[in-house]
Amino acid sequence: MTTSRDFTGKVVLITGSSGGIGAVTAVEFARLGAQVVVTGRRKDRVSAVAKQCAEASPTGAKALEVVADVTNDDDCRRLVSDTIKTFKKLDILINNAGRGIVESIWDEDILDKYELIMNTNLRSVVRLTHLCVEHLEKTKGNIVNVSSIGAFKPRGPCYSYSMSKAAMDMFTKCVALELGPKGIRANTINPGSVKTEFIENTLNVSKA
Ligand SMILES: NC(=O)c1ccc[n+]([C@@H]2O[C@H](COP(=O)([O-])OP(=O)(O)OC[C@H]3O[C@@H](n4cnc5c(N)ncnc54)[C@H](OP(=O)(O)O)[C@@H]3O)[C@@H](O)[C@H]2O)c1
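Numbers given to residues run from 1 along each chain, matching the order in which its sequence is written. Only residues with pLDDT of 70 or above have their local features reported here, since the model is predicted, and side-chain atom pairs are shown and tallied only from 80 upward, although totals for entire chains, interfaces and linings are computed over all residues. Side-chain numbers come from the whole structure's heavy atoms, not from hydrogens or water.

K.L.:
Explain the packing of helix H3 (residues 73-87) against helix H4 (residues 110-139) to me, and be specific about the residues and the numbers.
P.N.:
Simply put, an axis is a line fit to the C-alpha atoms, just over the touching stretch for a helix, and the angle between two N-to-C directions goes from 0 to 180 degrees. Secondary structure elements are taken from DSSP: a helix is a run of H or I of four residues or more, a strand is a run of E of two residues or more, and numbering for both begins at the N terminus. As a packed pair, H3 and H4 sit with axes 10 Å apart at the nearest point and diverge in direction by 30°. The orientation of H3 relative to H4 falls into the category roughly parallel. Judged by the sense of rotation from one axis to the other, the crossing of H3 with H4 is right-handed. Along its contact with H3, which presents Asp 73, Cys 76, Arg 77, Leu 79, Val 80 and Ile 84, the element H4 presents Arg 123, Arg 127, Leu 128, Leu 131, Cys 132 and His 135. If an angle is under 35 degrees, it is roughly parallel; if it is over 145, roughly antiparallel; if it lies from 65 to 115, roughly perpendicular; otherwise it is oblique. Should the near helix be turned anticlockwise from the far one by less than a right angle, the crossing is termed left-handed; should it be turned clockwise, right-handed. Here, two residues are considered to be in contact whenever any of their heavy atoms come within 4.5 Å of each other.

K.L.:
Quick one: what's the story with the pattern of salt bridges, residue by residue and with numbers?
P.N.:
Opposite charge on two side chains lets them pair, provided their charged atoms get close. A pair is scored as a salt bridge if a Lys or Arg side-chain nitrogen falls within 4 Å of a carboxyl oxygen belonging to Asp or Glu. One pass over the full model with this rule turns up 14 salt bridges. Because the salt bridges share partners, they merge into one network encompassing Arg 5, Glu 28 and Arg 31.

K.L.:
Requested: an account of the site of the ligand, with residues and values cited.
P.N.:
Taken together, the neighbourhood of the ligand is formed by 30 residues, with Ile 21, Arg 41, Asn 96, Tyr 161 and Thr 196 sitting nearest. A distance of 2.6 Å is found between an oxygen atom of the ligand and a side-chain nitrogen or oxygen belonging to Tyr 161. Whenever two N or O atoms come within 3.5 Å, that pair is a polar contact, provided that in protein one can donate a hydrogen and the other can accept it, and provided that, for residues adjacent in sequence, both atoms are side-chain atoms. With respect to the ligand, the side chain of Lys 165 contributes an N or O atom lying 2.9 Å from an oxygen atom. Per-residue and other accessible areas were derived by the Shrake-Rupley procedure at a 1.4 Å probe size, with only the shown protein chains allowed to occlude residues. Across the complex, the protein chains shield 95% of the 880 Å² of accessible surface that the ligand would expose by itself. Elements that contribute at least two residues to the shell around the ligand include exactly helix H1 (20-31), helix H5 (159-179) and helix H6 (198-207). Charged residues are taken to be Asp, Glu, Lys and Arg, nonpolar residues to be Ala, Val, Leu, Ile, Met, Phe, Trp, Tyr, Cys and Pro, and polar residues to be all remaining types, Gly included. Of the residues contributing to the shell around the ligand, the split by class is nine nonpolar, 16 polar and five charged. Throughout, near means a residue has at least one heavy atom within 4 Å of the molecule or strand.

K.L.:
Tell me about unusual backbone geometry, residues and numbers included.
P.N.:
Glycine aside, the phi torsion of most residues is negative, and most peptide linkages are trans. At Lys 88, a position not held by glycine, the phi torsion is positive, near 70°. Positionally, Lys 88 belongs in the loop between H3 and strand S4 (92-95). Only protein chains enter the accessibility calculation, which uses a 1.4 Å probe; a residue is then buried when its area is under 20% of its type maximum, exposed when over 50%, and partly exposed in between. Here Lys 88 falls in the exposed class, since its relative accessible area comes to 66%. Phi angles above zero are rare outside glycine, and Lys 140 is one such case at about 50°. Within the secondary structure layout, Lys 140 lies in the loop between H4 and strand S5 (142-146).

K.L.:
Describe the nonpolar core, and please don't skip the residues or the numbers.
P.N.:
Only buried residues count toward a nonpolar core, which is a set of Ala, Val, Leu, Ile, Met, Phe, Trp, Tyr and Cys residues joined through side-chain atoms within 4.5 Å. Ranked by size, the top nonpolar core spans 29 residues in total, and within it Leu 13, Val 37, Leu 90, Leu 128, Cys 132, Leu 136 and Ile 143 carry the most contacts. Looking at this core, the elements with two or more residues in it are strand S1 (11-14), strand S3 (64-67), H3, H4 and H5. If you tally residues by element for this core, the top one is H4, at seven residues. Once residues lying within four places of it in the same chain are set aside, the contact partners of Leu 136 are Leu 90, Asp 91, Ile 92, Leu 93, Gly 141, Asn 142, Ile 143 and Ile 184. Counting residues in hydrophobic clusters, the runner-up holds 19 residues, among them Ile 14, Ala 23, Phe 29 and Ile 94.

K.L.:
If you had to explain the side chain of Asn 145 to someone new, which residues and values would you point to?
P.N.:
By the secondary structure assignment, Asn 145 is in strand S5. A residue is classified by how much of its surface remains accessible, and Asn 145, at 0% relative accessible area, is buried.

K.L.:
If you had to explain H3 to someone new, which residues and values would you point to?
P.N.:
Helix span is expected to be 1.5 Å times the residue number reduced by one. Helix length check: H3, at 15 residues, gives a terminal C-alpha distance of 21 Å against a target of 21 Å (1.5 Å per residue), a fit within 8%. Here H3 has its buried residues at Asp 75, Cys 76, Leu 79, Val 80, Thr 83, Ile 84 and Phe 87. End-on view of H3: buried residues confined to an arc of 170°, all on one side of the axis. Relative to its buried face, H3 has exposed residues pointing more than 90 degrees away, namely Asp 74 and Lys 85. Buried residues belonging to H3 abut S1, strand S2 (35-40), S3 and H4. With a side-chain oxygen positioned 2.9 Å from the backbone nitrogen of Asp 74, the residue opening H3 is Asn 72. At the C-terminal side of H3, Lys 88 shows a positive phi close to 70°. The directions from the helix axis to the C-beta atoms are what the arc is built from.

K.L.:
Pulling in residues and values, what's your account of the packing of aromatic side chains?
P.N.:
Classification of ring pairs rests on two measures: the distance between centres of Phe, Tyr or Trp rings, Trp counted by its six-membered ring, which must be within 6.5 Å, and the angle between planes, read as stacked under 30 degrees, edge-to-face over 60 and tilted in between. In total, this model carries two aromatic pairs according to the counting rule given. Each ring, one from Phe 7 and one from Phe 29, has its centre 5.0 Å from the other, and the planes form 85°; the classification is edge-to-face. Of this pair, Phe 7 sits in the segment before S1 while Phe 29 is found in helix H1, placing the two residues 22 residues apart along the sequence. For Phe 29, a relative accessible area of 15% puts it in the buried group. Judged by centre distance (5.5 Å) and plane angle (55°), the ring pair of Tyr 161 and Phe 198 falls under tilted. Taken as a pair, Tyr 161 in helix H5 and Phe 198 in helix H6 lie far apart in primary sequence, 37 residues in all.

Here's what the structure looks like:
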């Protein structure tokens, strides 16, 4: 097994890389020589992270910037097609974009909240994995799904978030089973608390 951290020539698409964990991941992959795709809904943040990637890259490689909403199917298609058009291949898909919500089973709008979270955290992952699999097959690539410790243990009333991450873990196992024989690996990581805008965003959307 190789333990090289040299990603020279590898193409890495990281969703939710305009901020938080995804942004740091993009910059780190750039530092390790990869060509990265930076994406999120906020154009200014996408550009700022892309600039940091170019600065971190040993060759000053320019990151591809794609402003896209992962809940929108056309945006997902454009994200993948722009990646392939620009870099001609894909080695690693990191499904990281996600959001949280605090909710109660008493909430009148609980199904709206459920749909928002499931569309962002789960449906987009299935969609993007489907769109990327033909490209990952060619490179014998990797899928990394950013789940959460919330997949194992509910914290407060966060039904949709915890369910979305538990389902993501099972999706990863299913996809690993099907794609492993083709040489594509799929793994989940389940972080605990990380200081990002996530908590603030979670509380804001819960109030909305
Ligand atoms: N922070 C934690 O404590 C923690 C713990 C466990 C797991 N996680 C997981 O780690 C992942 C990253 O979280 P984070 O802490 O880095 O959160 P964050 O700072 O809020 O960043 C979330 C990222 O996802 C993007 N995003 C959100 N909704 C999107 C959408 N509809 N379309 C496209 N991009 C979207 C955001 O970009 P735009 O706003 O520009 O679209 C941003 O780049 C999430 O999946 C989260 O569930 C976080």
